[in-house]
Amino acid sequence: MYELRDLAALQGQRIHFLWQRDEDSDGPVLGFFRDLGSGVSQAADAVAGAVEAVVNAVEEVVTDVIETVATAARSLFDWLGGALSGIPLIGGALQAVFHWIGGVIGGFLDLVASLVKAILGIVGGVVAGVVRLVGGAIGGLLSWDGRTFVKGFNDVVGGVSGALIGVVLKLGSLVNAVFGQEWSSRPLTPAERDLLRRIYRGSIAFYNVRVVDGASGVFSVNDDPFTVGNTIYMKSTPPADYLGILVHECCHVWQYQNMGSRYLGDAAGAQAFVPDAYNWQAALDAGARRWQDLNREAQAEVFRDAYRFGRKRPPAPAVPGDFFLDDPVGDDVSFVAGGRDNTDFARASTAWVRGDWSWRPSSWL
Ligand SMILES: [Zn+2]
């Protein structure tokens, strides 16, 4: 088993592979088929990964434009309402009506964006999944390694279920907006945005992020904070946990903007089927080596923990968020949690997530 690090950085370049076997216990004949099989699996995995990357990029450019218009509509109507609020007697009512109109238009456009994400998400998930299923089946039988096949199965299930969950939830948001159940919907405060930007840099379109505190209408089935697309429902998170939870939920926004609605299917699957899904250290113990290999909840929890427990090295005081002061993450920080040093893992994870997002339309605002 070999691993190529930073393959994305080599995109567009020609790479030569020298195929050499260092484990020959199966003998030359069986060993040949084993190598051939894992080669087929890995080629299928690479092709599927390229399909996903292209579909996700198209998806994100289109929905980013729609969501940015949605946000602009919300802001415009709130601004108009604010301008009219000074009118005697009816000013307050006008302001409320305009806030409502902006919320409904924004909710409708968000639903349109989620439909685009859903359709492309199904296409990308099914195409990538079928490539992995076919290549993984052939390669997996030869090499007796079913991982690519299982990954393909997850692509199809995650892509389709995430798309359906995404549309249903955005429909819920629109119903909420129509009945005034997301009244407290607001942009990030400047302090929140500064903190989240320090962590995720330009990899999230913060302009489009909305936070709903407290009551959340049709989403009030439990008290757990959660995220639908760009909207974070904080429910009744206590002040002491607020920013840490916000960092976690914002990672789900990153997942939505980066990999489309399938993160909803993946996250739901992780919560339902992975014991202790938030425990990323257990996932590392079980063999995961990269942030990309963690389930969606564990991914989000890495950033919450690095925010809470990462710090500048002593004697500097421990300040939450100081781990992320520099880009790339500096040499003067440490992140110890659960009795072990996670500094290098968190540094690599942060570099991966921050990436280069300057191609996204909303980042030009
Ligand atoms: Zn979560």
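Residues numbered from 1 in each chain as written. Predicted model: local features only at pLDDT ≥ 70, side-chain atom pairs only at ≥ 80, totals over all residues. Heavy atoms only, no water.

1. Side note on the pattern of salt bridges
Piece 1. According to the stated counting rule, one finds 20 salt bridges in the structure shown.
Piece 2. Linking Arg290 and Asp293 is a salt bridge whose minimum nitrogen-to-oxygen distance equals 2.9 Å.
Piece 3. Classification of Asp293 as partly exposed rests on a relative accessible area of 42%.
Piece 4. One network of salt bridges, in which partners are shared, links Asp45, Glu52, Arg132, Lys151, Asp155, Arg262, Asp266 and Arg296. (Salt bridge = Lys/Arg side-chain N within 4 Å of Asp/Glu carboxyl O. Buried < 20%, exposed > 50% of the residue type's maximum accessible area, 1.4 Å probe, protein only.)

2. Looking at the packing of aromatic side chains
Piece 1. A complete count under the given rule lists 14 aromatic pairs for this structure.
Piece 2. Ring plane angle 70° and centroid distance 6.4 Å describe the contact between Tyr256 and Tyr263, whose orientation is recorded as edge-to-face. Taken individually, Tyr256 and Tyr263 each receive the classification buried, so the pair is uniform in this respect.
Piece 3. Each member of the aromatic cluster is reached from another via a ring pair, and the members are Tyr200, Trp254, Trp280, Trp291, Phe303, Phe323, Phe324, Phe335 and Phe345. (Phe/Tyr/Trp six-rings, centres within 6.5 Å; stacked < 30°, edge-to-face > 60°.)

3. Thoughts on the sheet that holds strand 5 (residues 310-312)
Piece 1. The three strands are arranged 5-6-7 in an open sheet whose pairing can be described as antiparallel. What marks the edges here is a single partner per strand, and that holds for strand 5 and strand 7 (340-341).
Piece 2. The sheet contacts of helix 8 (residues 296-309) involve strand 5 and strand 6 (333-337), and relative to strand 6 the element is tilted by about 115°.
Piece 3. Contacting strand 6 and strand 7, helix 9 (residues 343-354) runs over the sheet at an angle of about 115° to strand 6. (Pairing = 2+ DSSP bridges. Helix = DSSP H or I, 4+ residues; strand = E, 2+ residues; numbered from the N terminus. Contact = heavy atoms within 4.5 Å. Axes fitted to C-alpha atoms, helices over the stretch in contact; angles between N-to-C directions.)

4. Some words on the sheet that holds strand 4 (residues 231-235)
In any sheet, the strands associate via hydrogen bonds between backbone groups, in a parallel or an antiparallel arrangement.
Piece 1. If you trace the four strands from one edge of the open sheet to the other, you get 1-2-4-3, paired in mixed fashion. Sheet topology places strand 1 (186-187) and strand 3 (226-228) at the edges, where each strand pairs with a single neighbour.
Piece 2. The pairing of strand 2 (residues 210-213) with strand 4 spans four bridges and is parallel. Bridge pairing in strand 4 places Asp213 opposite Lys235.

5. Considering the nonpolar core
Piece 1. Formed by 49 residues in total, the largest nonpolar core has its most connected members in Tyr200, Trp291, Leu294 and Phe303.
Piece 2. If you tally residues by element for this core, the top one is helix 5 (residues 239-259), at 10 residues. (Core = buried A, V, L, I, M, F, W, Y, C linked by side-chain atoms within 4.5 Å.)

6. Focus on the coordination of the zinc ion
Piece 1. The protein atoms donating to the zinc ion are His248 (NE2), His252 (NE2) and Glu297 (OE), with metal-donor distances spanning 2.1 to 2.2 Å.
Piece 2. When the donors of the zinc ion are listed by position in the chain, the intervening gaps give H-x3-H-x44-E. Of this pair, His248 sits in helix 5 while Glu297 sits in helix 8, and the two are 49 residues apart along the sequence. (Donors = N, O, S within 2.8 Å, 3.2 Å for Na, K, Ca; no water.)

7. Thoughts on the pairing of strand 4
Piece 1. Within strand 4, five of the five residues are buried, leaving the element largely enclosed by the surrounding structure.
Piece 2. Burial along strand 4 is two-sided: the residues Thr231, Tyr233 and Lys235 and Ile232 and Met234 are all buried.
Piece 3. Counting the residues in the hairpin turn of strand 3 and strand 4 gives two residues, including Gly229, whose phi is positive at 60°.

8. Topic: a nonpolar patch on the surface
Piece 1. Judged by side-chain polarity, Val29, Phe32, Phe33, Leu36, Ile122, Val126, Val130, Val134, Ile138 and Leu142 come together as a nonpolar surface patch covering roughly 790 Å² of accessible area.
Piece 2. Where the nonpolar patch is concerned, the elements lending two or more residues are helix 1 (27-84) and helix 2 (91-143).
Piece 3. Among the elements that take part in the nonpolar patch, helix 2 stands out by supplying six residues, more than any other.
Piece 4. With respect to the helices, strands and loops of the structure, Val29 is situated in helix 1.
Piece 5. We classify Val29 as exposed; its relative accessible area is 58%. (Patch = residues over 30% accessible without salt bridge, like charges linked within 9 Å, V, L, I, M, F, W, Y side chains within 5 Å. Areas by Shrake-Rupley, 256 points an atom, 1.4 Å probe, with all protein chains shown as cover.)

9. Structural notes on the state of the cysteines
Piece 1. The full count for this structure, using the stated rule, is zero disulfides.
Piece 2. Left unpaired, Cys250 is separated from the closest cysteine sulfur, that of Cys251, by 8.2 Å.
Piece 3. The exposure class of Cys250 is buried, given its relative accessible area of 0%.
Piece 4. Of the residues examined, Cys251 reaches a relative accessible area of 0% and is grouped as buried. (Disulfide = S-S within 2.5 Å.)

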